[in-house]
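Take a look at the letters that make up each chain.
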Amino acid sequence: MHNPIASLLRADIAGFAPYTPIVPLDVLAQRLGLPLGDLIKLDANENPYGPTAATRAALAELATETGARTQTALYPDPDTTSLRTAIGTHLGQSPDRIICGNGSDEIIDVLMRATITPGAAVVDATPTFGMYAYSTHLYQGTYIEVPRTASFALDIDQMRAAITRHQAKIVILAAPNNPTGNPLTRDELLALLDLPLIVVSDEAYAEFSGISFVDLIDSHPNLVVLRTFSKWAGLAGLRVGYGVMHETLAAELRKIKPPYTVNVAADVAATAAIRDYASMKPLLEQICQDRDAFAAQLTTLGCAVYPSVANFLLVRTPVSASTVRDELMKAGILIRYFPKPRLADCIRISIGTAAQHERVLDVLETIFVQQKGQ
Ligand SMILES: Cc1ncc(COP(=O)(O)O)c(C=O)c1O
């Protein structure tokens, strides 16, 4: 039968590759026949400890009779005024330079929506975070991949050449890079900022790396810094991220961002979290220490671990990485596997608790022995 809907859709949607998201825990628990509490989720670089006590208290307040009536029953502040003020204070930046969204994913989307017309180029250093290609394709832009070097650093000469050749509108760089974990250096960024395009430093993991380029916004109105509450703050489920950029660009983006995408719970929790950053800081340091210890243990097991300044490790496994992913999954341990060039022999493991690492190491050891014996 003729389906009239297909002819109504944009022609490119039929061939559009969807983003591969993670599988929710309850769905997976059911699929594996394991109790939800037994699963170890190390596939999305979340904070295994969750938000701080003050952040949880702010959320609990929303569930009281007064909170429900005066906050959750009402539309959120479309300008996220309190949140932007709190972020501005935290970063030493004017709130006019900040735009909050439904995760930093939304800021990536808004940036692309503002700049990408069909065929316009976005240059990227791959392998990297998949949403950059996804959002580029959503606006029918051309995604230009410049391969990273053997150590996953940027190939600056090639990047500059590609940007000029394609008259790119945006170059987007994860700093540190996901899934490789290596930092973006200030010199690399500066080497691109003098070109006539928007340069994005996606600092989703900056609270772990301790490296940010927010200070360069004063001198570089084409720089956009992205940050998120999904990783350090333990608020991935509430979806809140932000961009920091020159106020002129922020004002333009604000015009095309739908007004209520940061909901009341996200707004309240993120505001509390950033005001309470000092309470979270020791835990972030702990996570970095645990990362380094975990990396050493994985190396002892025969893995090659790439140096990381983030809250995850890219690990080359001594036996097939896709098999390791499958076997870990059967044991209720979720990690990320990317069937992509240069990553197909690796897994990415988020940093969890020390107890979770012990369990992962035990299961990995068994998998390696079994697989090598086959
Ligand atoms: C580099 C990078 N940028 C952005 C995001 C998206 O973050 P959010 O949850 O704020 O949308 C992620 C999440 O994995 C990421 O790794």
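What counts and how
- Residues numbered from 1 in each chain as written.
- Predicted model: local features only at pLDDT ≥ 70, side-chain atom pairs only at ≥ 80, totals over all residues.
- Heavy atoms only, no water.
- Near = heavy atom within 4 Å.
- Polar contact = N/O pair within 3.5 Å; in protein donor to acceptor, adjacent residues only side chain to side chain.
- Domains from an automatic or database assignment.
- Contact = heavy atoms within 4.5 Å.
- Buried area = accessible area lost by both parts, 1.4 Å probe.
- Salt bridge = Lys/Arg side-chain N within 4 Å of Asp/Glu carboxyl O.
- Helix = DSSP H or I, 4+ residues; strand = E, 2+ residues; numbered from the N terminus.
- Nonpolar A, V, L, I, M, F, W, Y, C, P; charged D, E, K, R; others polar.
- Pairing = 2+ DSSP bridges.
- Axes fitted to C-alpha atoms, helices over the stretch in contact; angles between N-to-C directions.
- Buried < 20%, exposed > 50% of the residue type's maximum accessible area, 1.4 Å probe, protein only.

Undergrad: Residue-level account of the site of the ligand, with values.
TA: Surrounding the ligand, one finds 14 residues, the nearest of these being Ser-104, Asp-202, Tyr-205, Thr-228 and Ser-230. One nitrogen or oxygen atom from the main chain of Ser-104 is found 2.6 Å from an oxygen atom belonging to the ligand. A distance of 2.7 Å is found between an oxygen atom of the ligand and a side-chain nitrogen or oxygen belonging to Arg-239.

Undergrad: I'd love a proper account of the domain arrangement of the chain, names of residues and values included.
TA: Once the domains are mapped, the chain shows domain 1 (4–38 + 278–369) and domain 2 (54–276). The interface is formed by 25 residues belonging to domain 1 together with 30 residues belonging to domain 2. Buried surface at the junction of domain 1 and domain 2, summed over both partners, amounts to about 2300 Å²; 64% is from carbon and sulfur atoms. Looking at the side of domain 1 facing domain 2, the largest losses of area belong to Tyr-19, Val-309 and Arg-342, adding up to 28% of the total buried there. Our enumeration of links across domain 1 and domain 2 arrives at 0 salt bridges. Counting the contacts that link domain 1 with domain 2 gives 8 residue pairs in polar contact (both at pLDDT 80 or more). Per-element accounting of the side of domain 1 that touches domain 2 gives the leading share, 6 residues, to helix α13 (residues 277–300). Classifying every residue of the side of domain 1 that touches domain 2 by side-chain character gives 17 nonpolar, 3 polar and 5 charged.

Undergrad: If you had to explain unusual backbone geometry to someone new, which residues and values would you point to?
TA: A cis amide bond links Ala-175 to the next residue, Pro-176, at an omega of 0°. Counting through the fold element by element, Pro-176 comes out in the loop between β5 (170–174) and α9 (186–193). That bond from Asn-178 to Pro-179 is cis: its omega, 15°, falls within 30 degrees of zero. Inspection of the secondary structure puts Pro-179 in the loop between β5 and α9. Phi is positive for Asn-45, close to 55°, though the residue is something other than glycine. Considering the arrangement of structural elements, one finds Asn-45 in the loop between β1 (40–41) and α3 (53–62).

Undergrad: Could you give an account of the sheet that holds strand β8 (residues 241–245), with specific residues and numbers?
TA: Backbone-to-backbone hydrogen bonds join strands into a sheet, with any given pair of strands oriented parallel or antiparallel. The strand order across the open sheet formed by 7 strands is β2-β8-β7-β6-β5-β3-β4, and the pairing between neighbours is mixed. The sheet is open, and its two edges are formed by β2 (98–101) and β4 (142–147), each paired on a single side. With strand direction ignored, the average angle separating the axes of adjacent strands in the sheet is 20°. When strand β3 (residues 121–126) meets β4, the two strands line up parallel, connected through 6 bridges. By the bridge assignment, Thr-126 is partnered in β4 with Pro-147.

Undergrad: Provide a residue-level description of helix α5 (residues 81–91), including the pertinent values.
TA: Turning to α5, its buried residues number three or more, namely Leu-83, Arg-84, Ala-86, Ile-87, Gly-88 and Leu-91. Buried residues in α5 make contact with β2, β7 (223–228), β8, α11 (247–256) and α12 (264–275). A positive backbone phi angle near 70° is found at Gly-92, which sits one or two residues after α5.

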